[in-house]
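# Observations on the model geometry
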Amino acid sequence: MNPAPETVIRADAMLTPDGPIANAELAFDASGRITYAGSLRTGSAVTHDLTGHVLMPGLVNGHTHSAMTLQRGVSDDEGFMPWLAIVQGIEQRLTHDDLVAGLELALLEMIETGTVAFADMYFWDEALVERVRAAGLRVFASLACSNAEHVAYPSVSSWTGAEVLAETERLAARYADDPLVRIGYAPHAPYTCTPEFLRDVRERSLRLGIPVHTHISESAAEVAQITEQHGMTPGAYLDSLDFFDAEVHAAHCVHLTGGEIARFAETRTSISHNPVSNLKLGNGIAPLPEMIDAGARLSIGTDSVASNNSLDLFEELKLSAILHRGAREDAAAVLAPTVLDIATRGGAEAIGFPESGALRVGAFADVIALDVTGASAAPFTPERLVSHLVFAARGADVRHVFVGGRHLYADGEHLTLDAADIRHRARAARERLVPTE
């Protein structure tokens, strides 16, 4: 039997777990797994000659609400709680078609800027999951809820929180063996969920092996509210419910105490660091250096475009590397290689796709190619690849995207999505939802 045909990519440089390689070659077979990642081999039958490009693992968005692309810019100068009231008011009018349009617009932007996997908390059903599968990205889709009786998206579905938990379990069983999909519970936050509901989610998670995605300590107001109600900070309060016995992925964590950081690391609770959203909403600066030093499982996320305006993870990469340097007047506070690892390998592991995130033999070929011929890359040398990717690269530099070996984006052209149709439907949905613009 002949071996499976290989796809072979040649590039000026490639980021591997062992560091940058100049004059690089990446090969993967029909299963979408990498068979070679190293220096250019003599006589290779090159499928894609990407001279003037560099290869790196695709980026992983550790936390977003993708369908909220329709709310981009609706409240740019409000504090967290007023902003939340505005966006939740719009959410009461969303239809399922709006969710499809918003999700697919997010998929366009994520692919165009080099994201290959994302953790999402919002309304999800099988039809929406299938949109992601058709586009070709990996998704950790968590179904948002806050208590057993509450209906979160009344214009989309009449599901109560209890019914959302049941649908979560049905979808988790449906996609149990799908390499592109993970399903999770998403109790919104400690301040919106009752203790009884949180205990129920914990018990279900432990019994069924379904992970949990939630917000924790995003704002000072949340910390103050939980402290007044329960006599302890949000992380400590959840710990008192034995919540972290389950597999938990926690978004924001801006105001964790040192003890909470240590406890998250001990329980292997993963964290999504979302610096742009945290700053834009005035919520503060998360203690990323302490999280790194504690050995916490980390990812980097954008949050929704309603609180960020962009899904470009290269912006988050640079800010994650420099924010604490300035705040602490210490250029070694957070190092570029550390941040790049968090945004790729670490993020993939944190949201449940450990076979993604690194260009190594046996891993999935989740790879992006960036153009380095422009002025912002000059003078480019392979030895400075990490520096370029963290401090100079932009999402607009991404020219090719492969996920599991499937070519999703080639020289600015979407291969799995109808970009013009998606943008048209998203504009129409936005005009209906926010008619006063």
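Structural data are supplied above this passage.
Described in the following lines is the structure provided in the data block. All figures in this text were calculated on a predicted structure; none of them were measured in a lab.

The subject of this paragraph is the pattern of salt bridges. The tally for this structure, following the rule as stated, stands at 30 salt bridges. Across the salt bridge formed by Arg72 and Glu109, the nearest N and O atoms sit 3.0 Å from each other. Linking Arg72 in the loop between strand 5 (59-64) and helix 1 (80-91) with Glu109 in helix 2 (residues 96-112), this pair joins segments that are 37 residues apart in sequence. Judged by relative accessible area, which is 14%, Glu109 ranks as buried. Here Asp98 ties to Arg432 by a salt bridge, and the two come within 2.0 Å at their closest N and O atoms. In this pair, Asp98 sits in helix 2 while Arg432 sits in helix 14 (residues 419-433), placing the two residues 334 residues apart along the sequence. Judged by relative accessible area, Arg432 falls into the partly exposed class, the value being 41%. Salt bridges sharing partners connect three or more residues here, namely Glu126, Glu130, Arg133, Glu167, Arg170, Arg174 and Asp178.

On to empty space enclosed by the protein, then. According to the stated counting rule, one finds two cavities of 30 Å³ or more in the structure shown. In this model, the largest cavity occupies a volume close to 110 Å³. Along the wall of the largest cavity there are 17 residues; nearest its centre are Ala144, Ala152, Tyr153, Trp159 and Val164. Elements with a contribution of two residues or more to the lining of the largest cavity: strand 7 (138-145) and helix 4 (161-174). If you tally residues by element for the lining of the largest cavity, the top one is strand 7, at three residues. When the residues that make up the lining of the largest cavity are grouped by side-chain class, the tally is eleven nonpolar, six polar and no charged. Taken as a whole, the second largest cavity encloses approximately 50 Å³ of empty space. Considering the residues around the second largest cavity, the lining is formed by Ser66, Ala67, Leu99, Leu103, Asp120, Tyr122, Phe123, Trp124 and Leu128. Elements supplying a minimum of two residues to the lining of the second largest cavity: helix 2 and strand 6 (115-122). Here the lining of the second largest cavity is composed, by residue class, of seven nonpolar, one polar and one charged.

The next subject is the pairing of strand 1 (residues 7-16). Of all ten residues making up strand 1, eight are buried, and the element is well covered by its neighbours. Examined bridge by bridge, strand 1 and strand 2 (residues 19-28) share nine bridges and lie antiparallel to one another. Across the sheet, residue Val8 finds its bridge partner in strand 2, namely Ala27. Between strand 1 and strand 2, which pair antiparallel in sequence order, lie two residues. Pairing of strand 1 with strand 4 (residues 48-57) involves five bridges; the strand directions are parallel. Note that in strand 4 the partner of Ile9 across the bridge is His48.

What counts as what
- Residues numbered from 1 in each chain as written.
- Predicted model: local features only at pLDDT ≥ 70, side-chain atom pairs only at ≥ 80, totals over all residues.
- Heavy atoms only, no water.
- Salt bridge = Lys/Arg side-chain N within 4 Å of Asp/Glu carboxyl O.
- Helix = DSSP H or I, 4+ residues; strand = E, 2+ residues; numbered from the N terminus.
- Buried < 20%, exposed > 50% of the residue type's maximum accessible area, 1.4 Å probe, protein only.
- 1 Å grid on protein atoms, 1.4 Å probe; cavity = no way out; pocket = protein on both sides within 12 Å on 5 of 7 lines; lining within 4 Å.
- Points joined across faces, edges and corners; volume = space filled by probe spheres on them.
- Nonpolar A, V, L, I, M, F, W, Y, C, P; charged D, E, K, R; others polar.
- Pairing = 2+ DSSP bridges.

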